[in-house]
Amino acid sequence: MTRDIAVVAFAQTDVRRTTDELSEVEMLMPVLHSVLDRTGLKTADIGFTCSGSSDYLAGRAFSFTLALDGVGAWPPISESHVETDGAWALYEAWTKLLTGDADTALVYSYGKSSPGSLRDVLTRQLDPYYVAPLWPDSVALAALQAQALIDAGDTDESALAAIGTRSRRVATLNSHAQIRGPVPQGDYVVRPLRTGDCPPVGDGAAAVILAAGERARELCSRPAWIRGIDHRIEAHSLGVRDLTDSPSTRLAAERAGAFERPVDTAELHAPFSAQEVVLRKALRLDDSVRVNLSGGAIAANPMMAAGLIRVGEAAARVHRGESDRALAHATSGPCLQQNLVAVLEGEPR
Amino acid sequence: MSEVLKAPLVVEFPFTRSLGPVQSAFLTGLRERVVLGVRASDGRILVPPVEYDPTTADELRDLVEVAPTGTVTTWAWNHAPRRGQPLTTPFAWVLVRLDGSDTALLHALDAPGPDAVHTGLRVRIRWAGERTGAITDIACFEPHDGEPARLTGSTGEFADPVGGIVAAARLDYTYSPGRAQTAYINSLADRRTVGERCPSCRKVYVPPRGACPTCGLPTTEQVEVGPRGTVTTFCIVNIKAKNLDIEVPYVYAHIALDGADLALHARIGGIPYDQVRMGLRVEPVWTDGARYPDHYRPTGEPDADYDAYKELL
Ligand SMILES: [Zn+2]
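Residues numbered from 1 in each chain as written. Chains lettered and ligands numbered in written order. Predicted model: local features only at pLDDT ≥ 70, side-chain atom pairs only at ≥ 80, totals over all residues. Heavy atoms only, no water.

## Here's the deal with the domain arrangement of chain B
Put simply, the rule is: An automatic or database domain assignment supplies the residue ranges for each domain.
Domain parsing of chain B yields domain 1 (11–170), domain 2 (177–225) and domain 3 (226–313). For domain 1 of chain B versus domain 2 of chain B, the separation of C-alpha centres amounts to 53 Å.

## Side note on the packing of helix 7 (residues 157–170) of chain A against helix 10 (residues 273–282) of chain A
For any two helices packed against each other, the geometry comes down to the angle between their axes and how far apart the axes lie. Residues and elements named next belong to chain A. Applicable threshold: The axes are straight lines fitted to the C-alpha atoms, using for helices just the contacting stretch, and the angles between their N-to-C directions are given from 0 to 180°. A helix here means a DSSP run of H or I that spans at least four residues, while a strand means a run of E at least two residues long, and both kinds are numbered starting from the N terminus. To sort the angles, those under 35 degrees are grouped as roughly parallel, those over 145 as roughly antiparallel, those from 65 to 115 as roughly perpendicular, and the leftovers as oblique. Note on contacts: a residue pair is in contact if any heavy atoms of the two residues lie within 4.5 Å. Residues were grouped as follows: Ala, Val, Leu, Ile, Met, Phe, Trp, Tyr, Cys and Pro as nonpolar; Asp, Glu, Lys and Arg as charged; and all remaining residues, including Gly, as polar.
Two numbers describe how helix 7 lies on helix 10: the axes approach to 8 Å, and their chain directions differ by 95°. Between helix 7 and helix 10, the crossing angle belongs to the class labelled roughly perpendicular. Along the contact surface, helix 7 presents L160, I163, R166 and S167, while helix 10 presents S273, A274, E276, V277 and R280. Among the residues making up the contact of helix 7 with helix 10, the classes are represented as four nonpolar, two polar and three charged.

## So, the coordination of the zinc ion
Residues and elements named next belong to chain B. Stated formally: Donor atoms (N, O, S) are those found within 2.8 Å of the metal centre, with the cutoff raised to 3.2 Å for Na, K and Ca; water is not part of the atom list, so apparent gaps in a site can occur. Geometry assignment treats four donors as tetrahedral when all angles are between 85 and 135 degrees, treats four as square planar and six as octahedral when opposite donors are over 155 degrees apart and all others between 65 and 115, and treats everything else as irregular. Each residue gets one of three labels from its accessible area relative to the maximum for its type: buried under 20%, exposed over 50%, partly exposed in between, using a 1.4 Å probe on protein chains only.
Protein-derived ligands of the zinc ion are C198 (SG), C201 (SG), C212 (SG) and C215 (SG), with the metal-ligand distances lying across 2.3 Å. For the zinc ion, the four donor atoms in the first shell make angles of 108 to 112° at the metal, so the coordination geometry reads as tetrahedral. For the zinc ion, the single-chain donor residues occur in sequence as C-x2-C-x10-C-x2-C. In this pair, C198 sits in the loop between strand 11 (193–197) and strand 12 (204–205) while C212 sits in strand 13 (residues 211–212), placing the two residues 14 residues apart along the sequence. For C212, a relative accessible area of 0% puts it in the buried group.

## Remarks on the sheet that holds strand 15 (residues 221–225) of chain B
The pairing of strands in a sheet happens through backbone hydrogen bonds and is either parallel or antiparallel. All names here are of chain B. The condition is simple: Strand pairing is defined by DSSP finding a minimum of two bridges between the two strands.
Taken in spatial order, the three strands line up as 12-11-15 in an open sheet, and their pairing is antiparallel. A strand with exactly one partner marks an edge of an open sheet, and here the two such strands are strand 12 and strand 15. For strand 11 and strand 15, the ladder comprises five bridges, and the chain directions are antiparallel. Bridge pairing in strand 15 places E196 opposite Q222. Where helix 2 (residues 178–189) meets the sheet, its contacts fall on strand 11 and strand 15, and the angle it forms with strand 11 comes to roughly 150°.

Right under this line is the structure:
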């Protein structure tokens, strides 16, 4: 059985360095209300709810169950959760809709990184035997990948700086972005990556609504139909991988049908400048494709939400008639370890 | 709005992890200053070794010794070492392909500065003085001007192999409870219990979390509840908790404070444990300097009717 499934609404918070005055549910709730308002749906109308978050970020156990308070989960709803970026929650919701068990799905994710030290927190996702005891932080691992790209002749420090500069310039048009406009490239954080090559640490949340078939047309004047979506993972040992390439992204894109016809727009989840180089190569994006008009993850990278935001941003461009065929990419883990690719299309206008 | 509360929060665990045969051999080898890889399905030697082939997922068991010398395949200069990292002075993170291996190992390289490091640099292992069978038995790498070191001839069999590791993990946070719980905690400082009412279903939540879990709406109207309440249900605790100076057995109860639509939980005192019952009317007992009631005790009022609290069970 196949069903056409579309993203019909998207909402996100402004991403901010800290949200001390808000608990996670207080940060999330406005986004849930906003995305429901866009479709006129109530919680009770939603067939399936799926979220993505990680308790490690804020150091708060079972935070995802508390976040459900913001959904209004009584009487009991059909619900699931993934401990990773919300793009993977969207994938689960998409499969749920494919089964025909539900016609609509609410997908949300949030990350409150400000209470902790994100670079250190992320070491806890690494191989606990050989890697985590060394506490290699997230910037250090991204820097190893950047140096490998420089050694391979794929980029250099000035080209990397240009990626950050371009991203933050276009982010001036994105009111939700954390860093909008030029900032100095700055000193090395971990060489060869400088401040300008690294994403800001921030708190934020995002939500989308998926709907199947005619329901999608009722809820949205121009649904962003998911023509394909797939995710793939690479070996966890960094030393086994070729860090200058992303075969998992390429394979996910193939399975999502990304190479069947050109896309006009791409939202890439590249938290570090050098990762955009890898992704452009793996996805065969040339200069005809508008990449990261939102500013991308280098302008706002709320953990667990930044990947879902890529899907939401791509869908919103389809909704507004600014794109006919868009690619959205999300990543998780160190050095682009796991990658998801979705292809979204609008119907001819 | 009152100032948001903040407090340090330390999350610390010693993770005890058991090792499979391949990881055990590798880490025991490090203890004995021997580096072992494993032969993958395609014949490549993987270091550090894994138990399952990264491409085919086949079980891998064929251990092969490699040299403690090798070549840097990529690097990154870390001028500001962080807690827990291998060196406290500036160092390079490196991936090193050891002589005899086809893959690279992540570790630190002790070098005088970034100008002394490049991809292709020859390096060797600097062993830790005290070795226990852990990746940190490699203290770090250091530059090595020479040929591959000779092998020890190890077969991967050792006396007294390590069966597990204890990996300490500590993360430091600055916790803030958000708007609703900040207001709740500030009220408690005045010995008042203040919940919040849902604008839709009108239920009063104590402690408030900022949202009505039934309606999914923000709660903003503050409502003082209690101080008296009714025991809705309870249990008798017979095992003494670590770091808790309370004699067992004692009673821990759900208490619906007057005016609240959600029961909170607290200890019951001032009454023998076997006389506590559902419907018992109780009031908070505060101790000097405490930020919340030490426990609740009977008020002496008649017990509440079951119908008065059955919705709050
Ligand atoms: Zn309510």
